[in-house]
Amino acid sequence: MKQIILTEARPGMILARSILNSKGQVLLVAGVTLTIEFIRKLQLLNLETLFIQDAHYADITIPEYISLETQQRALSILTTTMERVNKDGTFAFDPVASVASDIVEELVTQADVTIHLTGIAIYDDCTLAHSLNCSIYTALLARCCGFSIPQIKIITCGALLHDMGKIEIEKTVLNKPGRLSDEEFTIMKQHPALGFNILTKKRLEISSLVAHMAWQHHEKIDGTGYPRGLHGEEILSYARLLSITDVYEAITANRPYRKAMRPEDAYNIIESGLGTAFDREFGEIFLSKIALYTPGSEVLLNTGERAIVVYVPATSPQRPVVRLIAHPDGTPYTPPRDISLAENPEILILLTC
């Protein structure tokens, strides 16, 4: 399997992962052969990347945290939840709790915990994609930090619903393709409190911890966050987890106002905020688990050689196993040769190609 940008897609390529819309419906199913018409439609959807089958990458597995069925159900439930809130101001919590439980049960069956970009392909609602991805990242981080399974299920519920308040933000502000004005940012900063108010209406069904995750996920350790300027441990531990994964997901995903940043850039941003924006202990654990390079991606090494990322070990997620495919002069390795960067500390990845 290989991840490519859409401009590299060609007729005859075979899709390796299904593409979903925000309702969890499959737009293109894995295994379909791309045609000129399919590629044209994907371009109209502004999809940035996709996964294809490639005989040269047949032994490379790109991690997929939750099953397609669970992805579909989560997106369908989130869509229904947002539509109900928008229409009636209320929603059914049991389906959210059920799918959160399923997400956690699938994640805890995986022996090694390394935090990769999910690769979940949703083209039409960045808020829903953000919520689902945050739920996965936050559950993984909570597991690494030693939280219990019942706690992780509550944390996952909170992550799924943390941006509920955005339903009450004007779409012109929410989806603005440029930088927000001061006035617009003031409006946007209302969404944590708006989400808290929506969730507390269901206080007989929902743990107050879920509502407080929505209220506190933009607070910062040094007190410079919003909406209340809480400091340190005044911020709920669950929200301190979420504040890290919320930023990581936001900056590594495409947004109307900018392109996705690389995981390496996200790593540096979070590292620079440890002890000020982010909880230092949780943040250091998170950074120790981030995979900076996705299996199947092509990289340039400081030796001048080109390589493919083959595998990311949980013990050294920033130092993957790579497959050398081209010498510095461009001649191919015959056959390609796999090396562990953890065992060759002098070899560095300069950039992804």
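Scroll up a little and you will see the structure.
Within each chain, residue numbers correspond to sequence positions counted from 1 in written order. Totals for whole chains, interfaces and linings use every residue, but because this is a predicted model, local features are given only for residues with pLDDT of at least 70 and side-chain atom pairs only at 80 or more, for both listing and counting. Here the side-chain values reflect all heavy atoms present in the structure, with hydrogen atoms and water set aside.

I would appreciate a short explanation of the environment of Asp102 in the present structure.
With respect to the element layout, Asp102 can be found in helix H3 (residues 94-108). Sequence separation between Asp102 and Gln72 is 30 residues, and the spatial gap between their C-alpha atoms is 12 Å. Contacts are residue-level and defined by heavy atoms, with any inter-residue pair within 4.5 Å sufficient. Excluding residues that lie within four positions of it along the chain, Asp102 makes contacts with Thr70 and Arg73. Numbering of helices and strands starts at the N terminus; helices are DSSP runs of H or I of at least 4 residues and strands are runs of E of at least 2.

Can you walk me through a nonpolar patch on the surface in this structure?
Nonpolar side chains collect at one region of the surface, where Val26, Val29 and Leu68 lie side by side and expose about 210 Å² of accessible area between them. With respect to the secondary-structure elements, Val26 resides in strand S3 (residues 26-28). Each patch groups residues whose relative accessible area exceeds 30% and which form no salt bridge, using 9 Å between like charges and 5 Å between nonpolar side chains of Val, Leu, Ile, Met, Phe, Trp and Tyr. Areas reported here follow the Shrake-Rupley algorithm with a probe of radius 1.4 Å; residue values treat only the protein chains shown as occluding. Salt bridges are counted wherever a side-chain nitrogen of Lys or Arg sits within 4 Å of a carboxyl oxygen of Asp or Glu.

Which parts of the structure should I look at to understand helix H11 (residues 263-272)?
It helps to recall that an α-helix has 3.6 residues per turn; residues three or four apart then point in one direction. Each residue gets one of three labels from its accessible area relative to the maximum for its type: buried under 20%, exposed over 50%, partly exposed in between, using a 1.4 Å probe on protein chains only. Taken residue by residue, H11 has Pro263, Glu264, Ala266, Tyr267 and Ile270 as its buried positions. The arc that holds the buried residues of H11, viewed along the axis, is 160 degrees, so those residues lie on one side. The inward-facing, buried residues of H11 contact helix H10 (237-251), helix H12 (280-289) and strand S9 (349-352). Within this analysis, the arc is defined by the directions that extend from the helix axis to the C-beta atoms.

Would you take a moment to explain the side chain of Lys166 for this structure?
Within the element layout of this structure, Lys166 appears in the loop between helix H5 (149-161) and helix H6 (171-174). Using a relative accessible area of 17% as the deciding quantity, one classes Lys166 as buried. Residue contacts for Lys166: discarding those within four places in its chain leaves Thr127, Leu174, Met188 and His191.

I would appreciate a short explanation of the nonpolar core in the present structure.
Burial of nonpolar side chains together is a common tendency in soluble globular proteins. Put simply, a nonpolar core is a bunch of buried Ala, Val, Leu, Ile, Met, Phe, Trp, Tyr and Cys residues held in one set by side-chain atoms that sit within 4.5 Å of each other. One finds Phe91, Leu199 and Phe286 to be the most contacted residues of the largest nonpolar core, which totals 77 residues. Examining the composition of this core, we find that nine residues originate from one element, helix H4 (residues 126-144), more than from any other. When near neighbours in sequence (up to four residues on either side) are disregarded, Leu199 contacts Phe91, Leu161, Met164, Ile206, Val210, Ala211 and Ala214. Ile4, Leu6, Ile19 and Leu47 belong to the second-largest nonpolar core, a separate cluster that totals 13 residues.

When you look at the pattern of salt bridges in this model, what are you seeing that I'm missing?
Oppositely charged side chains are able to pair whenever their charged atoms sit close together. Inspection of the entire model under this criterion finds 15 salt bridges. Residue Arg17 pairs with Glu64 through a salt bridge whose shortest N-O separation is 3.7 Å. Residue Arg17 is located in the loop between strand S1 (2-5) and strand S2 (19-20), and its partner Glu64 is located in the loop between strand S4 (49-52) and helix H2 (68-88); the two are separated by 47 residues in the primary sequence. The class for Arg17 is buried, based on a relative accessible area of 7%. Residue classification places Glu64 among the partly exposed positions, given a relative accessible area of 41%. Here Arg240 makes a salt bridge to Asp279, at a shortest N to O gap of 2.9 Å. On the criterion of sequence distance, the pair formed by Arg240 in helix H10 and Asp279 in the loop between H11 and H12 is long-range, its members being 39 residues apart. Looking at Arg240, the relative accessible area reads 10%, which means it is buried. Its relative accessible area of 12% is what places Asp279 among the buried residues. Each of Asp59, Arg323 and Asp338 takes part in a single network of salt bridges with overlapping partners.

Whenever I open this one, the sheet that holds S9 confuses me. Can you help?
The strands that make up a sheet are held in pairs by hydrogen bonds between backbone atoms, and each pair lies either parallel or antiparallel. Judged by pairing direction, the sheet is antiparallel, and its five strands sit side by side in the order S8-S7-S6-S5-S9 without closing on themselves. Looking along the sheet, the strands with just one partner apiece sit at the ends: strand S8 (332-340) and S9. Adjacent strand axes in the sheet meet at a mean angle of 35 degrees when their direction is disregarded. Strands are treated as partners if at least two bridges between them are detected by DSSP. Angles run from 0 to 180 degrees between N-to-C directions of axes, and those axes are lines fitted to C-alpha atoms, restricted for helices to the stretch in contact.

For this particular structure, what's the right way to read the packing of H2 against H4?
Pairs of packed helices are described in terms of their axes, by the angle between the two and the distance that separates them. Relative to each other, H2 and H4 sit at 125 degrees, their axes nearing to 10 Å. Classified by the interaxial angle, the pair formed by H2 and H4 is oblique. Helix-helix and strand crossings are classified by hand; for H2 and H4 the assignment is right-handed. Residues Gln71, Ala74, Leu75, Leu78, Thr79 and Met82 of H2 form the contact with H4, whose participating residues are Leu128, Ser131 and Leu132. Each residue is assigned to one of three groups, with Ala, Val, Leu, Ile, Met, Phe, Trp, Tyr, Cys and Pro labelled nonpolar, Asp, Glu, Lys and Arg labelled charged, and all others, Gly among them, labelled polar. Here the contact of H2 with H4 is composed, by residue class, of six nonpolar, three polar and no charged. The cut-offs work like this: below 35 degrees is roughly parallel, past 145 is roughly antiparallel, 65 to 115 is roughly perpendicular, and the gaps in between are oblique. Handedness of a crossing is defined here by the sense of rotation of the near helix relative to the far one, left-handed for an anticlockwise turn of less than a right angle and right-handed for a clockwise turn.

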